[in-house]
Structure formats: structure tokens, C-alpha cells
Amino acid sequence: MGFRLNVIRQASFATSQAASKSAGVPKGYVAVYVGEKQTRFVIPISYLNQPLFQELLHQAEEEFGYDHPMGGLTIPCTEDVFQHITSCLNEP
């Protein structure tokens, strides 16, 4: 018994490198940056419609508005919380 995590984790680098990585995001996925280290995760765009993930998006809007420092969507939570939320989204 276990769960499948459909999140691709990648370490983030400077803003210019992060922007150049956007081409490496597969169709149907989006890159987000999470935690103090701004770790890059590539998640299915279907997560964006999930109520649990919508709450993260609302928090991101409150904290950053539409100006995200990494050039991509920055999620204001720890990596552990983010991984827990995405694992819940993967449950059938």
C-alpha cells in the first residue's frame, strides 16, 4: 500500500535559469516554486482546479500578488506541506 506522487522535484537556481527551464516543462504541467529554498516542482495543471490547491493559490495571491520573484508561480508553504497536499490530490 502506498501512494503515487506525480510531482517532479527540481532544485531551482537563479531567475534567468528558472525562466530558461520553462521549456523543460511537459505539456499539461506547470512549474511552481516552494519553500525557503524555492525548490522547483512540476505539477499537473489539473491540480490548479482542486479546492485544496486553490487555497495555496489564494495564499500565494495574498503574499505575492501577481509578482512572483522566481518568474513562475511561488507557493508560500514548506516543501513538506506542499508534498503532503499533492499526495492528497493523488489519492483516488
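How each quantity is defined
Residues numbered from 1 in each chain as written. Predicted model: local features only at pLDDT ≥ 70, side-chain atom pairs only at ≥ 80, totals over all residues. Heavy atoms only, no water. Helix = DSSP H or I, 4+ residues; strand = E, 2+ residues; numbered from the N terminus. Expected span 1.5 Å × (residues − 1). Buried < 20%, exposed > 50% of the residue type's maximum accessible area, 1.4 Å probe, protein only. Arc of directions from axis to C-beta. Contact = heavy atoms within 4.5 Å. Polar contact = N/O pair within 3.5 Å; in protein donor to acceptor, adjacent residues only side chain to side chain. Phe/Tyr/Trp six-rings, centres within 6.5 Å; stacked < 30°, edge-to-face > 60°.

S.K.: I would appreciate a short explanation of helix H2 (residues 51-64) in the present structure.
M.R.: An α-helix turns once every 3.6 residues. As a result, residues three or four positions apart point the same way. With 14 residues, H2 extends 20 Å between its outermost C-alpha atoms, agreeing within 8% with the 20 Å of an ideal straight helix rising 1.5 Å per residue. Within H2, burial applies to Phe53, Leu56 and Ala60. Buried residues of H2 fall within an arc of 50 degrees about the axis and therefore sit on the same side. Opposite the buried face of H2, by more than 90 degrees, sit the exposed residues Pro51 and Glu62. In this fold, the buried residues of H2 make contact with strand E3 (39-44), strand E4 (73-75) and helix H3 (79-90).

S.K.: Is there a simple way to explain the side chain of threonine 86 in this structure?
M.R.: Summarising the element assignment, threonine 86 is placed in helix H3. At a separation of 3.1 Å, a polar atom in the side chain of threonine 86 contacts the main-chain carbonyl oxygen of glutamine 83.

S.K.: Hey, could you run me through the packing of aromatic side chains in this one?
M.R.: One pair of aromatic rings is described through two measures. These are the centre distance and the angle between the planes. In total, this model carries 3 aromatic pairs according to the counting rule given. Measuring from centroid to centroid gives 4.9 Å for phenylalanine 41 and phenylalanine 82, while their planes differ by 50 degrees, and the two rings are tilted. Note that phenylalanine 41 is positioned in strand E3 and phenylalanine 82 in helix H3, a separation of 41 residues in sequence. Taken as a pair, phenylalanine 41 and phenylalanine 82 share a single burial class, namely buried.

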